[in-house]
Amino acid sequence: MSALERLFPGNLPRLVMFDLDGTLVDSVPDLAAAVDTMLAQMGREPAGIEAVREWIGNGARVLVRRALAGSFDHAHIDEAQTEHALELFSAAYAAHHALTQVYPGVHETLKWLHKKRVKMALITNKPERFVAPLLDQMGLGRYFKWIIGGDTLPQQKPDPAALLFVMKMAKVKAQHALFIGDSRSDVQAAKAAGVTCIALSYGYNHGRPIAEESPALVIDDLRALMPGCFDPATGITLAHGNSPAHRDSIVVVTRKLWMKVIKALARWRWRA
Ligand SMILES: O=C(O)COP(=O)(O)O
Ligand SMILES: [Mg+2]
């Protein structure tokens with residue numbers, strides 16, 4: 001059984017909407033580098049990767065404000081300083097995407113969903129201009145028909161506006177849609193849109209376990225979406241390729257049969 005078979009018995013969802021940072025890509029090294037460049041240019045001490053990991057999730061402006069505050073709470077940071085810092089951060093981040101990596105299993109799962117003709121969208125709080133170049137660099141761009149950045153609409157997650165907008169464009173009702181993310185903004189946006197939410201355990205939820213937000217399911221690997229890769233009894237994701245269902249899948253059995261036929265033919269030709 002897969003996570004999808006458990007949550008959508010009998011039918012795959014028609015639309016899957018994905019978060020980006022902490023869900024599809026581990027972008028914290030590049031975001032932290034850009035934050036530290038910005039802080040250095042302002043004559044400040046670096047924040048470091050662990051602090052930045054906890055501050056990601058509410059878009060670049062809030063990340064910059066948290067970095068200026070040196071804490072999660074940024075209420076006292078003024079607007080003029082934010083604007084200046086945001087410009088420095090954006091220039092540094094635009095120049096640096098070299099450390100970002102796609103999480104294991106993402107390529108194969110998106111490819112599988114694409115083959116199954118499931119519509120896919122990307123909804124991130126990252127500013128829009130960074131999103132398409134990053135997706136292309138990671139080889140993920142071709143999968144998403146709709147891409148919504150943190151500044152594409154007036155609202156960003158946890159507001160459900162982007163999810164409702166994409167569902168309308170895709171002509172898919174909430175009960176046939178799924179949102180997959182890593183942080184409380186994702187789970188809250190999905191709940192407000194009436195959409196089932198699966199959360200990844202490895203992302204950035206401000207240092208808290210994402211299970212606290214009660215998504216429909218928490219998985220450790222995106223491959224849990226594919227058949228034979230998820231054990232509903234234990235909630236454990238089985239490594240793709242090692243699961244019994246995968247070993248005995250029709251594709252594997254057919255391939256083994258063909259290999260036998262080819263070998264038999266080769267032996268027969270050699271004897272003749
Ligand atoms: O830019 C951020 O703060 C997080 O982006 P995300 O919505 O893709 O996780
Ligand atoms: Mg995220």
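For the protein chain, the name recorded in an unreviewed UniProt entry is Phosphoglycolate phosphatase, with Pseudomonas rhizosphaerae as its organism. According to its UniProt record, the protein chain has this under Pathway (unreviewed entry): "Organic acid metabolism; glycolate biosynthesis; glycolate from 2-phosphoglycolate: step 1/1." The record held by UniProt for the protein chain lists under Cofactor (unreviewed entry) the comment "Mg(2+)".

Chemist: Describe the nonpolar core, listing the residues and the values that go with them.
Modeler: Ranked by size, the top nonpolar core spans 60 residues in total, and within it F18, L24, F89, L140 and F144 carry the most contacts. For this core, the domains that each give at least three residues are domain 1 (3-26 + 101-237) and domain 2 (28-94). If you look at the next biggest cluster of nonpolar residues, it comprises 24 residues, including L153, A177, A189 and C197.

Chemist: If you had to explain the site of ligand 1 to someone new, which residues and values would you point to?
Modeler: Neighbouring ligand 1 are D19, L20, D21, I56, G57, N58, G59, T124, N125, K126 and K157. A distance of 2.8 Å is found between an oxygen atom of ligand 1 and a backbone nitrogen or oxygen belonging to G57. Within the contact set of ligand 1, an oxygen atom lies 3.5 Å away from a backbone nitrogen or oxygen of K126. Against a free-state accessible area of 280 Å², the protein chains account for coverage of 95% of ligand 1. A molecule is said to occupy a pocket when more than half its atoms come within 2 Å of that pocket's grid points, and by this definition ligand 1 occupies the largest cavity. Grouping the constituent residues of the shell around ligand 1 by class yields two nonpolar, five polar and four charged. Among the domains, domain 1 (3-26 + 101-237) and domain 2 (28-94) are the pair contributing at least three residues each to the shell around ligand 1.

Chemist: So what about the environment of V106? Which residues, and what values?
Modeler: Inspection of the secondary structure puts V106 in helix α6 (residues 106-115). As a C-alpha pair, V106 and L39 span 67 residues in sequence and 33 Å in three-dimensional space. Not counting residues within four places of it along the chain, the set of residues in contact with V106 comprises T23, L24, L140 and L222.

Chemist: Give me the lowdown on the pattern of salt bridges, citing residues and values where you can.
Modeler: Tallied over the full model, the rule gives eleven salt bridges. For E83, the salt bridge identified is with R61, shortest N-O distance 2.3 Å. Of the two residues, E83 is situated in helix α5 (residues 79-94) and R61 in helix α4 (residues 59-69); the sequence distance between them amounts to 22 residues. Note on E83: relative accessible area 36%, which makes it partly exposed.

Chemist: Requested: an account of the pairing of strand β6 (residues 177-181), with residues and values cited.
Modeler: Burial analysis of β6 places five of its five residues in the buried class, which makes it a mostly covered element. Examined bridge by bridge, strand β1 (residues 15-18) and β6 share four bridges and lie parallel to one another. Opposite L15, over in β6, you have A177 as the bridge partner. Pairing geometry for β6 and strand β7 (residues 196-200), over four bridges, is parallel. From the neighbouring strand, F179 faces β7, where its bridge partner is C197. At this point the chain moves from β6, through helix α9 (residues 184-193), to the parallel β7, and the crossover so formed is right-handed.

Chemist: An account of the side chain of K126 is requested, with residue identities and associated values reported.
Modeler: Note that K126 resides in the loop between β4 (119-123) and α7 (128-137). At 3.3 Å, the side chain of K126 and the side chain of D21 are in polar contact. Residue contacts for K126: discarding those within four places in its chain leaves L20, D21, L31, Y93, V131, L134, G149 and G150.

Chemist: I'd like a rundown of the coordination of the magnesium ion (ligand 2), residues and numbers included.
Modeler: Coordination of the magnesium ion (ligand 2) by the protein involves D19 (OD), D21 (O) and D182 (OD), with metal-donor separations of 2.0 to 2.2 Å. Donor residues binding the magnesium ion (ligand 2) come from one chain and are separated in sequence as D-x1-D-x160-D. With D19 in the loop between β1 and β2 (25-26) and D182 in the loop between β6 and α9, the pair connects residues that are 163 residues apart, well separated along the chain. The exposure class assigned to D182 is buried, which follows from its relative accessible area of 3%.

Reading the values: rules and limits
Residues numbered from 1 in each chain as written. Chains lettered and ligands numbered in written order. Predicted model: local features only at pLDDT ≥ 70, side-chain atom pairs only at ≥ 80, totals over all residues. Heavy atoms only, no water. UniProt positions renumbered as here; feature names shortened; annotations may be inferred. Core = buried A, V, L, I, M, F, W, Y, C linked by side-chain atoms within 4.5 Å. Buried < 20%, exposed > 50% of the residue type's maximum accessible area, 1.4 Å probe, protein only. Domains from an automatic or database assignment. Near = heavy atom within 4 Å. Polar contact = N/O pair within 3.5 Å; in protein donor to acceptor, adjacent residues only side chain to side chain. Areas by Shrake-Rupley, 256 points an atom, 1.4 Å probe, with all protein chains shown as cover. 1 Å grid on protein atoms, 1.4 Å probe; cavity = no way out; pocket = protein on both sides within 12 Å on 5 of 7 lines; lining within 4 Å. Sits in = over half its atoms within 2 Å of the grid points. Nonpolar A, V, L, I, M, F, W, Y, C, P; charged D, E, K, R; others polar. Helix = DSSP H or I, 4+ residues; strand = E, 2+ residues; numbered from the N terminus. Contact = heavy atoms within 4.5 Å. Salt bridge = Lys/Arg side-chain N within 4 Å of Asp/Glu carboxyl O. Pairing = 2+ DSSP bridges. Right-handed = clockwise from strand over helix to strand, strands pointing away. Donors = N, O, S within 2.8 Å, 3.2 Å for Na, K, Ca; no water.

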